[in-house]
Amino acid sequence: MRKLVAAHTTEAVLFAVIIAISIVLSFTTERFFTLGNAFDLLNISAVNIIFAVGLLVVLIAGGIDISFAVAASVVQYVTALLLERIGGGGWVSGLLIAGSAGIGLGLINAFLIHRFRIISIVATIATFNVYFGLLMFFTRGVSIYNLPDWLTTRVIVYEREMADGSWAEITLPVVVMAVCVAVTWLFITRTTTGRQLYAFGDNPEGARRFGINIGAMQFIAFGWLGMMAGIAGLMQAHYAQEVVPNALYGRELDVLAAVVLGGARLGGGKGTVLGCVLGVLLVSITQNGLNLMGVSPFAFKMIVGAIILVAITLSSARLENLLPMRTRKGDDR
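Not measured: the values here are computed from a predicted model.

Calculation notes
- Residues numbered from 1 in each chain as written.
- Predicted model: local features only at pLDDT ≥ 70, side-chain atom pairs only at ≥ 80, totals over all residues.
- Heavy atoms only, no water.
- Core = buried A, V, L, I, M, F, W, Y, C linked by side-chain atoms within 4.5 Å.
- Buried < 20%, exposed > 50% of the residue type's maximum accessible area, 1.4 Å probe, protein only.
- Helix = DSSP H or I, 4+ residues; strand = E, 2+ residues; numbered from the N terminus.
- Contact = heavy atoms within 4.5 Å.
- Pairing = 2+ DSSP bridges.
- Patch = residues over 30% accessible without salt bridge, like charges linked within 9 Å, V, L, I, M, F, W, Y side chains within 5 Å.
- Areas by Shrake-Rupley, 256 points an atom, 1.4 Å probe, with all protein chains shown as cover.
- Salt bridge = Lys/Arg side-chain N within 4 Å of Asp/Glu carboxyl O.
- Phe/Tyr/Trp six-rings, centres within 6.5 Å; stacked < 30°, edge-to-face > 60°.
- Lys NZ or Arg CZ within 6 Å of the ring centre and 35° of its normal.
- Expected span 1.5 Å × (residues − 1).
- Axes fitted to C-alpha atoms, helices over the stretch in contact; angles between N-to-C directions.
- Left-handed = near helix turned anticlockwise from the far one by under 90°.
- Nonpolar A, V, L, I, M, F, W, Y, C, P; charged D, E, K, R; others polar.
- Parallel < 35°, antiparallel > 145°, perpendicular 65-115°, else oblique.

On to the nonpolar core. By size, the foremost hydrophobic cluster in this structure holds 93 residues, and its most contacted members are Phe-51 and Val-259. If you tally residues by element for this core, the top one is helix H3 (residues 35-60), at 15 residues. Here Phe-51 is in contact with Phe-68, Ala-69, Ala-72, Leu-225, Ala-229, Ala-232, Leu-248, Arg-251 and Val-255, once residues within four sequence places are set aside.

Here it is in structure tokens:
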């Protein structure tokens, strides 16, 4: 048991912190420790978790991308316009269009990084501004409300009536999120390509000498994030029942903080899907608890900034190195 915990130190610590915060919030707020609030947390966190598992793949490969949230906004508009042209479509066509458009935007990032040898954060800062500028220029900041019925109709997967007459609901984005999490986990842990991404992120030169195609790794990683961003954008449109140009603007830092806090290392070669999900949930639970306590939303921005600092610190100095020596030694007894 100790060896299992030691192998997943970051995840174990995050889980313990989540439990501790949840216990505190259950005593300080009346609504936190309810089924309805738990389901609301899952529904609200679904889009960010889809973003996060995509970003995890890029971080594992040694890159960084801050354009994915804006790319998802672009995908929303492209998908809405194309669906209107084909007469409305359905979930299959919507997911295919959104995923394909997202992959295309992700491949643009990969092309710039690989072809012109641009540092990934610099390239994605550029595309972040280009994507958002083009989106605001062509849409003029106007939202789209006339969406197909299948996209705006709330899909409830599970519901339960509470004692006060309210309903606790699990909606479609949670199911889509679970599928994205499972597929990403299978991809990075059970495929040769996934293992190559870890090797490339940990030691790019060694991976190149071993015969791993560097360009392919970058295109796969950023393409995967693009696909997740496209799917997340479609889920956001479904959840909000409208397409707003700046609805996802600013989420990139929250998601990045959560993923790095979950154990993904800036510099590549390290990160797990479980840690990634726990990182997002920790950030979401913190925000939810502050809202229930009536704390200003600006305070949450300060907390996210602190989380980013902690995450970067833990990324540079491994968490197990900060723990007492006796907890890091293997149990040979």
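Our focus in this paragraph is the environment of Ile-113. Along the chain, Ile-113 turns up in helix H5 (residues 91-116). On the basis of relative accessibility, which here comes to 8%, the residue Ile-113 falls in the buried class. The spacing of Ile-113 and Arg-265 is 152 residues in sequence and 19 Å in space, taken between C-alpha atoms. Setting aside residues no more than four positions away along its own chain, Ile-113 makes contact with Ile-118, Ser-120, Ala-123, Gln-218 and Phe-222.

Here strand E1 (residues 156-161) pairs with strand E2 (residues 167-171) via five bridges, running antiparallel. Bridge pairing in E2 links Glu-159 to Glu-169. Where E1 folds back onto E2 in an antiparallel hairpin, the turn is made up of five residues, including Gly-165, whose phi is positive at roughly 95°.

Together, Phe-111, Phe-116, Ile-118, Ile-119, Ile-121, Val-122 and Ile-125 make up a nonpolar patch on the protein surface, roughly 600 Å² of accessible area in all. Among the secondary structure elements, those contributing two or more residues to the nonpolar patch are H5 and helix H6 (120-139). No other element matches the three residues that H6 contributes to the nonpolar patch. Here Phe-111 lies in helix H5.

Here the focus is the packing of aromatic side chains. According to the stated counting rule, one finds eight aromatic pairs in the structure shown. Taking the centre distance of 6.0 Å and the plane angle of 75° together, the rings of Phe-39 and Tyr-158 count as edge-to-face. Of the two residues, Phe-39 sits in helix H3 while Tyr-158 sits in strand E1, which places them 119 residues apart along the sequence. Of the residues examined, Tyr-158 reaches a relative accessible area of 41% and is grouped as partly exposed. Here the aromatic rings of Phe-187 and Trp-224 are separated by 4.5 Å at their centres, their planes lie at 10°, and the arrangement is stacked. Taken as a pair, Phe-187 in helix H8 (residues 172-190) and Trp-224 in helix H11 (residues 214-240) lie far apart in primary sequence, 37 residues in all. Members of the aromatic cluster, each reached through a chain of ring pairs, are Phe-128, Phe-132 and Tyr-249. Sitting above the plane of the Phe-116 ring, Arg-115 keeps its charged end 5.6 Å from the centroid.

Classification of Phe-187 by relative accessible area gives buried; the value is 13%. Between the C-alpha atom of Phe-187 and that of Phe-128, which follows or precedes it by 59 residues, the distance is 27 Å. Residue contacts for Phe-187: discarding those within four places in its chain leaves Val-57, Thr-193, Gly-194, Leu-197, Ile-220 and Trp-224.

This paragraph deals with helix H13 (residues 273-292). The end-to-end C-alpha distance of H13 is 28 Å, a good match for the 28 Å that 20 residues give at a rise of 1.5 Å each. Among the 20 residues in H13, 15 count as buried, and that is most of the element. Gly-294 sits one or two residues past H13 and shows a positive phi near 80°.

A separate point is the packing of helix H4 (residues 68-85) against H6. It is the contact of H4 with H6, at a shortest axis distance of 9 Å, that shows an interaxial angle of 30°. Crossing geometry of H4 relative to H6 is assigned as left-handed. Between H4 and H6, the contacting residues are Val-70, Ala-71, Ser-73, Val-74 and Tyr-77 on the first element and Phe-128, Tyr-131, Phe-132, Leu-135 and Thr-139 on the second. By residue class, the composition of the contact of H4 with H6 is eight nonpolar, two polar and no charged.

In contact at an axis separation of 9 Å, H4 and H5 are set at 135° when each is read in the N-to-C sense. Taken together, the axes of H4 and H5 are oblique relative to one another. As H4 packs across H5, the resulting crossing turns out to be right-handed. Residues Ala-71, Val-74, Val-75, Val-78, Thr-79, Leu-82 and Leu-83 of H4 touch H5, and the partners they reach there are Ser-93, Gly-94, Ile-97, Ala-98, Ala-101, Gly-102 and Leu-105.

This brings us to the pattern of salt bridges. Under the definition given, this model contains five salt bridges. Across the pair Asp-40 and Arg-31 runs a salt bridge, and its minimum N-O distance is 3.1 Å. Take Asp-40: its relative accessible area is 30%, and that puts it in the partly exposed class. A salt bridge links Arg-209 to Glu-205, with the shortest nitrogen-to-oxygen separation between them at 3.1 Å. With Arg-209 and Glu-205 both in helix H10 (residues 204-209) and four residues apart, the pair spans about one turn of that helix. On the basis of relative accessibility, which here comes to 68%, the residue Arg-209 falls in the exposed class. Through salt bridges with shared partners, a single network forms among Glu-205, Arg-208 and Arg-209.

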